[in-house]
Each structure stands twice: as structure tokens, then as C-alpha cells.
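Breakdown of the fold
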Amino acid sequence: MNLVMNSLDALSEVTDRHRFLRIKADLETAESVRVVVEDTGIGIEPHRMKEIFEPFHTTKAHGLGLGLSISRSIIEAHGDVTSNTQ
């Protein structure tokens, strides 16, 4: 849910192009699922990509910087996690 809300926040700032949000889930292996959330929002500056899962790091004026950190810890508690942020 956090990833979807982040996408919607990013899309709310888009006024000059089509807004698009795609959520895909499929089996990666017999033991793992891949979830992909894509949007045409404003994006994240490349130099911030390594920081986005750190607690209290936010790119939003109204954000606490906990959503992605909490999401990642929940996923890690259930097994291996690979993050491919683009």
C-alpha cells in the first residue's frame, strides 16, 4: 500500500503528461513473488536512490520518511528481498 501511495503522491505533481500507474505481481520462483510498481511521476534523483529505504529519509515536504523503511523491514522479515529501484 505504501508503494501505491508513493506513486499517487508522485503522480499528483504531474500536469504536463499522461499519468500512469501499473502494479504487477507474479511468481519469480516457487518460493518468491515479484511485485513491480511503476508510475510516470516525477521520479527520484539518481543520487538519492541509495537513501530511499533509510529511516527518516524523505523526498516529500509532508513525509516522515518511514514508509519505505517499514515496508522493506516487513518484506525482509518474510525472507530475502531484492530491491530494484529505477
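These lines cover the structure that appears in this document, whether it is placed above or below.

Notes on the pattern of salt bridges
A side chain with one charge may pair with a side chain of the opposite charge, provided their charged atoms come close. As enumerated under the stated definition, the model contains five salt bridges in all. Between D16 and R17 there is a salt bridge, with the nearest N and O atoms lying 3.0 Å from each other. Of the charged contacts, one joins E28 and R34 as a salt bridge, the two residues approaching to 2.6 Å between their closest N and O atoms.

Points about the side chain of S69
By the secondary structure assignment, S69 is in helix α2 (residues 67-77). For S69, the residues in contact, after removing those within four places along its chain, are F53, E54 and P55.

Quick look at α2
Quick reminder: α-helices carry 3.6 residues per turn. Residues three or four places apart thus point the same way. Of all the positions in α2, only L68, S69 and S71 are classed as buried. End-on, the buried residues of α2 take up no more than an arc of 165°, which puts them together on one face. Packing partners of the buried residues in α2 comprise α1 (2-12). Phi for G79, located one or two positions after α2, is positive at around 135°.

Quick look at α1
Within the sequence span of α1, burial applies to S7, A10 and L11. Take α1 and look down its axis: the buried residues cluster within an arc of 100°, on one side only. Residues of α1 that are buried sit in contact with β1 (21-29) and β2 (32-39).

The rules behind each value
Residues numbered from 1 in each chain as written. Predicted model: local features only at pLDDT ≥ 70, side-chain atom pairs only at ≥ 80, totals over all residues. Heavy atoms only, no water. Salt bridge = Lys/Arg side-chain N within 4 Å of Asp/Glu carboxyl O. Helix = DSSP H or I, 4+ residues; strand = E, 2+ residues; numbered from the N terminus. Contact = heavy atoms within 4.5 Å. Buried < 20%, exposed > 50% of the residue type's maximum accessible area, 1.4 Å probe, protein only. Arc of directions from axis to C-beta.

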